[in-house]
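Residue-level structural notes
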Amino acid sequence: MIELRSDTFTRPTREMLDAMVTAPLGDDVYGEDPTVRLLEEKAAEELGKQAACLMPSGTMANLAALTAHAPRGSRVLVGRDSDIYAYEAHGVSVCSGVALDPVAVDDLGRPSLADLAAALPPDRDDPQFSLPAAVCVENTANRAGGVPLAPPDLADIAEFARRNRLAVHMDGARIFNAAVALRVPARELARHADSVQFCLSKGLSAPIGSVVAGQAEFIGRVRRVRKMLGGGMRQAGVIAAAGIVALDTMVDRLAEDHAHARLLAEGLNGIEGISADPARVRTNIVMWSVDEPGPPHATLIAMAVRRGVRLAELGKGQLRAVTHREISRDDIDRAVHIIGAVVHAWRKELSS
């Protein structure tokens, strides 16, 4: 089966599994797991931050970071299409009493400066208004098709945040994809953000885990929130060991996933009745759609899986395919052939 629904379907490498078995362990809630400490130090160094904290998931990582930034009753300004707003069950509102205030985004997935400004209260001293405490950016932005944001793309948002006394949190679930695509260190992409989270369990292929990085005092608050949320883990070195291998061995090879994604977009765009934009594919996400008349997305997905390809719909009339370590060049060619055959069969039946 060719799995194109997400890079979360990656499985750990043999080196990761061996490292998990042999990792030195301790109790991480007491700060005594040496493997976790090593991963956190490595992650902080990679992102140019003072400290980092291992989290069970990206959703909890974002929730803990925003809770640490934003006092109860405040607001977080977040892109309307962002994962934090669309796919994380509004946990920061439910668990922390912080409102998510959605703003429009541009075609890179960045919050609109005009909408950010409009979300500010007319008078910070007026007790009638809830005050914003943070603004979120996503790099790469999932629904925007994984286009990487370079430092200049974020500079104006960072300046806006500084002027208005807002923290900047980056949901960098795929920040290493962005770094590889732009050929810059991840720390360059993180420098405009006060905090960053990234996922070990997407293209980096670790089985579980995310990391939040930021200033040491801030990370201390994140640890407290993690414990409150039930994310305090004991011998977590078995998770961290795979994360260390991921950072050591999986970052540079992301370029292969990006090349496969471009080939997939080119192949899809060559199928009559399918629209894809290969020029927009910069990382490992391909957004595409079926033209009319064509099979409804649910029908195409069902027909494709019977032939050996798993796909996903991402709302707004778009299908998404995500390449990763377990997708080869042959898989790309086969997937294009199968999807083309599905569309052709549907159109042939429609016209008969």
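Quick note: structure is the one above.
Here goes a summary of the coordinates provided. (Residues numbered from 1 in each chain as written. Predicted model: local features only at pLDDT ≥ 70, side-chain atom pairs only at ≥ 80, totals over all residues. Heavy atoms only, no water.)

Overview of the sheet that holds strand 5 (residues 132–138)
Counted only if it meets this: Whether two strands pair depends on DSSP finding at least two bridges between them. Under the scheme used here, helices are H or I runs from DSSP no shorter than 4 residues and strands are E runs no shorter than 2 residues, and both carry numbers assigned from the N terminus. Geometry is summarised by axes, namely lines fitted to C-alpha atoms with helices restricted to the contacting stretch, and by angles between N-to-C directions that run from 0 to 180 degrees. Two residues form a contact once any of their heavy atoms are found within 4.5 Å.
Strand order in the open sheet formed by 7 strands is 2-8-7-6-5-3-4, with mixed pairing between adjacent strands. Edge positions in the open sheet fall to strand 2 (51–55) and strand 4 (99–103), since each of these has one partner strand only. Taken pair by pair, the neighbouring strands of this sheet meet at an average axis angle of 20 degrees, ignoring direction. Pairing between strand 3 (residues 75–79) and strand 4: 5 bridges, direction parallel. Along strand 4, the bridge assignment pairs Arg75 with Ala99. Strands in contact with helix 2 (residues 34–47) are strand 2, strand 7 (195–199) and strand 8 (210–214); relative to strand 2, the strand with the most contacts, it is inclined by about 125 degrees.

Regarding the layout of surface pockets
Worth spelling out the cut-off: In this analysis, the protein atoms alone were mapped onto a 1 Å grid. Cavities are point sets where a 1.4 Å probe fits without being able to get out; pockets are open sets with protein on both sides within 12 Å along at least five of seven lines; lining residues have an atom within 4 Å of a point. Grid points are joined across faces, edges and corners, and a volume is the space filled by probe spheres set on the points. Three categories are distinguished: nonpolar for Ala, Val, Leu, Ile, Met, Phe, Trp, Tyr, Cys and Pro, charged for Asp, Glu, Lys and Arg, and polar for the others, with Gly belonging to the last.
One number sums up the size of the largest pocket: a volume of about 260 Å³. Lining the largest pocket are 20 residues; nearest its centre among them are Asp107, Arg143, Ala144, Gly145 and Arg280. Of the residues that constitute the lining of the largest pocket, the class distribution is 7 nonpolar, 5 polar and 8 charged. Looking at the second largest pocket, its volume works out to about 170 Å³. Lining the second largest pocket we find 16 residues, and of these Asp83, Glu88, Asp171, Ala173 and Lys202 sit closest to its centre. Of all the secondary-structure elements, those providing two or more residues to the lining of the second largest pocket are helix 3 (58–69) and strand 7. Examining the composition of the lining of the second largest pocket, we find that 3 residues originate from one element, helix 3, more than from any other. Among the residues forming the lining of the second largest pocket, the class breakdown is 3 nonpolar, 7 polar and 6 charged.

Focus on the environment of Asn142
Operational definition: Think of a polar contact as two N or O atoms within 3.5 Å of one another; within protein, one of them needs to be a possible hydrogen donor and the other a possible acceptor, and neighboring residues in sequence only count if both atoms come from side chains.
When you line up the elements, Asn142 lands in the loop between strand 5 and helix 7 (151–163). For the pair Asn142 and Val76, spaced 66 residues apart in sequence, the C-alpha separation works out to 19 Å. Apart from the residues lying within four places of it in its own chain, the contact partners of Asn142 are Asp83, Tyr87, Arg174, Ile285, Met287, Leu314 and Arg320. Of the polar contacts made by the side chain of Asn142, one reaches the side chain of Asp83; its length is 3.3 Å.

Let's talk about the packing of helix 2 against helix 11 (residues 237–249)
Where we set the bar: Here a crossing is taken to be left-handed if its near helix is turned anticlockwise relative to the far helix by less than a right angle, and right-handed if that turn runs clockwise.
Here helix 2 crosses helix 11 at 35 degrees, and the two axes come no closer than 8 Å. The two elements helix 2 and helix 11 meet at a crossing, and its hand is left-handed. Each of Thr35, Val36, Leu38, Leu39, Lys42 and Ala43 in helix 2 lies in contact with helix 11, whose residues at this interface are Gly237, Ala240, Ala241, Gly243, Ile244, Leu247 and Asp248. Within the contact of helix 2 with helix 11, the residues separate by chemical class into 8 nonpolar, 3 polar and 2 charged.

Considering helix 8 (residues 175–182)
In plain terms, the rule: For each residue, the accessible area found with a 1.4 Å probe, counting protein chains only, is set against the maximum for its type, and the residue is called buried under 20%, exposed over 50%, and partly exposed in between.
Judged by how many residues are buried, helix 8 sits mostly within the fold: 6 of 8 residues are covered. Where helix 8 is buried, its residues contact helix 2, strand 6 (167–171), helix 9 (186–190), strand 7, helix 11 and helix 12 (254–269). One or two residues past the end of helix 8 sits Arg183, with phi positive at roughly 60 degrees.

Re the side chain of Arg226
Tracing the sequence through the fold places Arg226 in helix 10 (residues 216–228). By relative accessible area, Arg226 is classed as buried at 4%. Every residue in contact with Arg226, bar those within four places of it in the chain, is listed here: Asp28, Cys53, Leu54, Met55, Met60, Gly231 and Gly232.

Some thoughts on empty space enclosed by the protein
For the coordinates displayed, the defined rule picks out 3 cavities of 30 Å³ or more. Taken as a whole, the largest cavity spans an internal volume of roughly 50 Å³. Every residue along the wall of the largest cavity is listed here: Val78, Gly79, Ser82, Ile84, Gly109, Pro111, Cys136, Val137, Glu138 and Asp171. Secondary-structure elements contributing two or more residues to the lining of the largest cavity are strand 3 and strand 5. With 3 residues, the single largest contributor to the lining of the largest cavity is strand 5. Residues that form the lining of the largest cavity fall into these classes: 5 nonpolar, 3 polar and 2 charged.

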